[in-house]
Amino acid sequence: MSKTWFMTLLKVLSFSAFQAEACVVGVSGEDVLLPCLYNGHENLASLNISFEWRRGNDVVYTAAWTEGHEKRLNQKQEHSLINMTKPGDFTMKLSNISVSDTQNYSMHINFLDKGTSAVICTSCLTVAAHFTSPLLLQQPSMDEDVARFVCQSWGGFPKPSVLWLINFSQWPEVETVTTRVGTLPYSQLYNITSVLKANISLDSTVSCTIVNQLLNESLTTTFGVQLDPVMQHHSAFPWVFSLTLCMLVVMLVATALGFQIKWDQEARRARAGSAAVKRQLMKTASRCSGQRIQTLAKQK
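(A) Representation of the overall build of the chain. Assigned secondary structure in the chain consists of two helices and 16 strands. Excluding contacts between residues fewer than 6 apart, the proportion of contacts in the chain whose partners are at least 24 apart in sequence is 57%. Carbon and sulfur atoms make up 57% of the accessible area of the chain, which amounts to about 20000 Å² in all.

See the structure below:
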């Protein structure tokens, strides 16, 4: 890949990121805030006003502020104000947004006593969606000298950029990459399939990166060479050793517990035998004492 092509790509990506900064960026399936604060000279708490949020030309939230209290006139379930008790804070929360919520929004206020109105806030919302981590596979090629790699990702928005890298430093030639972008059924979300055909050595590594400019998100998967049997043996040795060591420790603990139980049983039997002998001696001594007392009584 030529340096000129790469610099052009960076300029395009930077321009896209600059455009995205002009809007509030939300993520599909999450909530987002559209900030709006009234900085005019009027004391809204003492006025009778109505206000509405519009999405393009459609009204999505309408309320009136009279005598210091808000009265909702029209509200969609997924729209709400985050601070209804503070006059002048018209920040709106949109819940569970989708790509279709991408639009220009505006906040209009009507001074009912004066019969005038004004637009106090405008906001641009752009909704993005995360792509899945790329799935990178090597597939058979018709040409034995050419390696074929397929990179796939889906469920994201907007259209991503796909960057290939060989050995973590080499950009493939433009003509070796073919990329197709489509939409998922019944959705505005994209899926992407990119194919790299390149004449590379067997010990090369190939990386595929999916770049979502709007979310400033890059997802990379790397495909490397397989380990030879010797390397596989060495790499497997640590976990085999750990497993063996764990089993040995378990056996030692079980043996120690067995001996401890045996010793406890023998100690209990010894204590029980000593107690029986003591009781027998006491009985014998008692009988002897009784007989002696009887003998002495007869002698008297």
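(B) Spotlight on the state of the cysteines. In total, this model carries three disulfides according to the counting rule given. Residue pairing for Cys36: its cysteine sulfur links by disulfide to Cys121, the two sulfurs lying 2.0 Å apart. Judged by the torsion about the S-S bond (90°), the Cys36/Cys121 disulfide is right-handed. Pair noted here: Cys36 is in the loop between strand 2 (32-34) and strand 3 (49-55) and Cys121 is in strand 9 (residues 116-128), with a separation of 85 residues, a long-range link. Using a relative accessible area of 11% as the deciding quantity, one classes Cys121 as buried. Covalent S-S linkage joins Cys151 and Cys208, the inter-sulfur distance amounting to 2.0 Å. Negative torsions about the S-S bond denote left-handed disulfides, and the value of about -80° found for Cys151 with Cys208 makes this one left-handed.

(C) Seen up close, the packing of aromatic side chains. Scanning the model with the defined rule gives four aromatic pairs in all. Between the aromatic rings of Phe51 and Tyr61, the centroid separation amounts to 6.5 Å while the plane-to-plane angle is 15°, which identifies the pairing as stacked. With Phe51 in strand 3 and Tyr61 in strand 4 (residues 58-66), this pair connects stretches of sequence that are 10 residues apart. Residues Phe51 and Tyr61 agree in their burial class; the two are buried. One aromatic cluster is present, built from ring pairs that chain together Phe51, Tyr61 and Phe90. Stacked on the ring of Phe111, the Lys or Arg Lys114 has its end atom at 6.0 Å from the ring centre.

(D) View of the environment of Cys208. Structurally, Cys208 can be placed in strand 15 (residues 206-212). For the pair formed by Cys208 and Val195, sequence separation is 13 residues and the distance between their alpha carbons is 9.9 Å. Those residues in contact with Cys208 that sit more than four places away from it in its chain are Pro134, Leu136, Cys151, Val162, Leu163, Trp164, Leu219, Thr220 and Thr221.

(E) Fine view of the side chain of Asn212. Here Asn212 is to be found in strand 15. Looking at Asn212, its side chain comes within polar contact range of the main-chain nitrogen of Leu214, at 3.2 Å. The residues contacting Asn212, other than those within four sequence positions of it, are Ala129, Phe131, Phe157, Pro158 and Glu217.

(F) Structural detail: a nonpolar patch on the surface. A cluster of nonpolar side chains, contributed by Leu245, Leu248, Val249, Leu252, Val253 and Leu257, occupies part of the molecular surface with about 540 Å² of accessible area. When you line up the elements, Leu245 lands in helix 2 (residues 229-299). According to the relative accessible area criterion, Leu245 is partly exposed, its value standing at 43%.

What counts, and at which threshold
Residues numbered from 1 in each chain as written. Predicted model: local features only at pLDDT ≥ 70, side-chain atom pairs only at ≥ 80, totals over all residues. Heavy atoms only, no water. Helix = DSSP H or I, 4+ residues; strand = E, 2+ residues; numbered from the N terminus. Contact = heavy atoms within 4.5 Å. Areas by Shrake-Rupley, 256 points an atom, 1.4 Å probe, with all protein chains shown as cover. Disulfide = S-S within 2.5 Å. Buried < 20%, exposed > 50% of the residue type's maximum accessible area, 1.4 Å probe, protein only. Phe/Tyr/Trp six-rings, centres within 6.5 Å; stacked < 30°, edge-to-face > 60°. Lys NZ or Arg CZ within 6 Å of the ring centre and 35° of its normal. Polar contact = N/O pair within 3.5 Å; in protein donor to acceptor, adjacent residues only side chain to side chain. Patch = residues over 30% accessible without salt bridge, like charges linked within 9 Å, V, L, I, M, F, W, Y side chains within 5 Å. Salt bridge = Lys/Arg side-chain N within 4 Å of Asp/Glu carboxyl O.

Taken by themselves, the reported measurements are silent on function.
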